[in-house]
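A closer look at the structure
Each chain, written out:
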Amino acid sequence: MAKTPKEVVAYAKENKAAMVDIKFTDFPGTWQHWTCPVSQFSESTFENGYAFDGSSIRGWQPINASDMCMIPDPNTAVMDPFTKVPTLTMIADIVDPITKQSYSRDPRYVAHKAEAYLKSTGVGDTINFGPEAEFFVFDSVRFDQTSNSAYHFVDSVEGRWNSGSEILPDGSTNLGYQPQHKGGYYPVAPVDTLVDIRAEMAMELEKLGIVVEAQHHEVATGGQCEIDFRFSSLTATADHLMWFKYVIKNVARRYGKTVTFMPKPLFGDNGSGMHCHQSIWKDGKPLFAGDKYGGLSELGLHYIGGILKHARTLAAFTNPTTNSYRRLVPGFEAPVNLAYSARNRSAAIRIPIVSSPNAKRIEVRFPDPSANGYLAFAAMCMAGLDGVKNKIDPGQALEKDIYSLSPEELKNVPQMPGSLEASLNALREDHAFLLKGDVFTEDVIHKWLDYKTENELDPIRLRPVPYEFALYFDI
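Note that the structure is predicted; figures quoted are calculated from it, not measured.

Each value, and the rule that gives it
- Residues numbered from 1 in each chain as written.
- Predicted model: local features only at pLDDT ≥ 70, side-chain atom pairs only at ≥ 80, totals over all residues.
- Heavy atoms only, no water.
- Helix = DSSP H or I, 4+ residues; strand = E, 2+ residues; numbered from the N terminus.
- Rg over C-alpha atoms; globule rule 2.2 N^0.38 Å.
- Contact = heavy atoms within 4.5 Å.
- Areas by Shrake-Rupley, 256 points an atom, 1.4 Å probe, with all protein chains shown as cover.
- Lys, Arg positive; Asp, Glu negative; His and termini not counted.
- Charge placed at Lys NZ, Arg CZ, Asp CG, Glu CD.
- Buried < 20%, exposed > 50% of the residue type's maximum accessible area, 1.4 Å probe, protein only.
- Polar contact = N/O pair within 3.5 Å; in protein donor to acceptor, adjacent residues only side chain to side chain.
- Phe/Tyr/Trp six-rings, centres within 6.5 Å; stacked < 30°, edge-to-face > 60°.
- Lys NZ or Arg CZ within 6 Å of the ring centre and 35° of its normal.
- Patch = residues over 30% accessible without salt bridge, like charges linked within 9 Å, V, L, I, M, F, W, Y side chains within 5 Å.
- Salt bridge = Lys/Arg side-chain N within 4 Å of Asp/Glu carboxyl O.
- Core = buried A, V, L, I, M, F, W, Y, C linked by side-chain atoms within 4.5 Å.
- Pairing = 2+ DSSP bridges.

Of regular secondary structure, the protein chain possesses 14 helices and 18 strands. Since a compact globule built from 475 residues should have a radius of gyration of about 23 Å, the 23 Å found for the protein chain is in line with a globular shape. In the protein chain, once contacts between residues fewer than 6 apart in sequence are set aside, the share between residues at least 24 apart is 68%. A total accessible area of about 21,600 Å² is found for the protein chain, and carbon and sulfur atoms account for 53% of it. Of the charged side chains in the protein chain, 47 are positive and 58 negative; the average position of the first set lies 2 Å away from that of the second.

Relative to the helices and strands, glutamine 224 is located in strand β11 (residues 224-229). Taking relative accessible area as the criterion, glutamine 224 reaches 0% and is therefore assigned buried. Here the side chain of glutamine 224 touches glycine 271 through a polar contact of 2.9 Å, landing on its backbone oxygen. A polar atom in the side chain of glutamine 224 sits 3.3 Å from the side chain of serine 272. Each residue touching glutamine 224, except ones within four places of it in the same chain, is listed here: Glu134, Phe135, Phe136, His217, Glu218, Val219, Asn270, Gly271 and Ser272.

What follows is about the packing of aromatic side chains. Inspection of every chain in the model, using the stated rule, returns 23 aromatic pairs. Summarising the aromatic geometry, the rings of phenylalanine 469 and phenylalanine 473 are spaced 6.3 Å apart at their centres and angled 25 degrees between planes, so their arrangement reads as stacked. Residue phenylalanine 473 is classed as exposed on the basis of its relative accessible area, which comes to 67%. Here the aromatic cluster, defined as three or more aromatic residues joined through ring pairs, consists of Phe24, Phe52, Trp60 and Tyr103. A cation over an aromatic ring shows up here: lysine 3 above the ring of tyrosine 11, its NZ or CZ 5.7 Å from the ring centre. The ring of tyrosine 246 is capped by lysine 23, whose NZ or CZ atom sits 5.0 Å from the centre of that ring.

The next subject is a nonpolar patch on the surface. Together, Val465, Tyr467, Leu471, Tyr472 and Ile475 make up a nonpolar patch on the protein surface, roughly 600 Å² of accessible area in all. By the secondary structure assignment, tyrosine 467 is in helix α14 (residues 466-472).

Throughout the structure, instances matching the rule amount to 20 salt bridges. Of the charged contacts in the structure, one is a salt bridge between aspartate 73 and arginine 108, with a shortest N-O distance of 3.0 Å. Of this pair, aspartate 73 sits in the loop between β4 (67-72) and β5 (78-79) while arginine 108 sits in helix α3 (residues 107-121), placing them 35 residues apart in sequence. Here the residues in one salt-bridge network are Asp73, Asp93, Arg108 and Asp239, joined through shared partners.

In summary, soluble globular proteins display a tendency toward joint burial of nonpolar side chains. Counting 114 residues, the largest nonpolar core has Phe41, Leu88, Phe135, Phe244 and Phe440 as the members making the most contacts within it. A total of 12 residues in this core trace back to one element, the largest contributor, which is helix α9 (residues 373-389). Setting aside residues up to four positions removed in sequence, leucine 88 forms contacts with Val8, Tyr11, Ala12, Ala17, Met19, Val20, Asp21, Phe41, Ala77, Val78 and Met79. One finds Ala339, Ala347, Leu398 and Leu410 within the second-largest nonpolar core, a separate group that totals seven residues.

Once that is clear, we can look at the pairing of strand β14 (residues 274-282). Across the nine residues that make up β14, a large majority, eight, are buried. Where strand β7 (residues 126-138) meets β14, eight bridges bridge the pair, whose relative direction is antiparallel. By the bridge assignment, glycine 130 is partnered in β14 with histidine 277. By the bridge criterion, three bridges tie β14 to strand β18 (residues 362-364) in an arrangement that is antiparallel. Bridging across to β18, histidine 277 finds its partner in glutamate 363. Pairing between β14 and strand β15 (residues 285-286): two bridges, direction antiparallel. Each residue of the ladder has a partner; that of lysine 282, found in β15, is lysine 285.

Structure (structure tokens):
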């Protein structure tokens with residue numbers, strides 16, 4: 001239910017808020033925040049906002065034009081569940097402090113524009129997203145790289161590598177029950193040591209108004225988990241994803257544990273994906289339901305066609321880290337091959353079997369939780385709409401287990417890019433569909449390319465990694 005500024009001020013008083021915290025998402029996709037006493041908060045805040053230095057935020061303003069302004073969205077007002085001092089918190093949109101025009105590199109603004117573009121096309125009035133962001137809960141993590149050393153070390157009481165340890169990372173005696181590699185899907189306690197932590201995470205999400213549908217242990221050893229929350233419209237879901245990450249990390253911290261949404265923190269086991277369920281609606285009716293393949297409509301199939309056509313470009317936003325491509329390899333349930341199918345979880349796009357037209361949707365399986373939800377959801381929306389507008393045929397569905405196909409059978413099946421550099425090159429060459437409706441701008445595209453190259457690709461290129469010593473030290 002929409003909230004007015006007056007209602008938010010009253011809500012703060014009712015909850016005895018002493019502080020007001022404003023959160024916003026930076027360009028790569030991490031929450032930042034700014035806090036003031038409640039005495040500095042009033043109805044005028046929603047018009048005037050709060051000034052801040054945009055040059056200190058990754059991927060944003062140069063220092064000679066650094067002044068920016070955050071305008072809190074009253075509809076996002078809740079009490080922060082983790083602060084000791086009662087704190088009202090809201091998600092902000094970023095604007096120019098003088099003109100109050102929305103800032104083109106604000107990821108939330110890109111999401112807003114994608115929803116507006118959908119309406120302007122007449123195709124639909126709502127696009128829903130339901131992401132399944134997997135994560136690992138570890139007991140400790142250490143990493144460093146200097147000129148003469150490099151290492152990372154994660155540990156977990158559930159790690160199969162601890163099956164021979166006398167004492168576990170939490171100081172307890174080893175009683176066994178560590179899940180095997182790829183053996184962590186759905187075990188009960190005592191193998192699943194994280195059931196109470198996940199339950200608390202789910203309860204905190206529910207307190208924030210985010211409906212949780214299920215929670216369970218995932219496939220990998222070492223504490224891989226999944227908590228599914230209910231779908232919503234594009235921007236609202238991206239907001240929920242930011243809250244999701246915040247809640248998961250902070251509940252884990254209560255237990256002295258740490259969480260990562262890295263796609264591939266462990267060698268030799270499954271990585272963490274973020275399967276994204278999507279559907280378009282108009283006038284309260286689901287547009288993906290029909291009598292074509294998998295119970296889809298022609299519009300739904302064309303939407304799939306757009307996703308498949310632009311998948312290599314989408315990867316720059318849906319799989320935006322170098323680590324993403326350590327997950328996108330054959331054999332670990334990651335969809336490398338660009339095909340679609342009903343039920344088949346080895347396909348890049350799955351059409352879930354449902355009992356109601358209202359539940360008809362597609363599931364895009366290649367994204368991972370390192371993505372900036374605002375940008376990734378907006379990009380997938382634009383690719384799908386390009387498919388609808390141009391009636392892109394997705395081709396024949398692939399019913400076979402793609403992982404078991406021979407090279408001969410796979411030769412005509414396109415694949416996801418094998419590296420971040422390849423996905424950025426695809427974005428460089430194929431992004432006209434993202435510019436429709438001014439949803440993404442040339443400035444946003446080029447800044448994304450520059451930021452990823454200068455801050456991620458180039459630094460990785462310069463650094464030797466430990467396994468290179470195993471391969472080449474005695475060459």
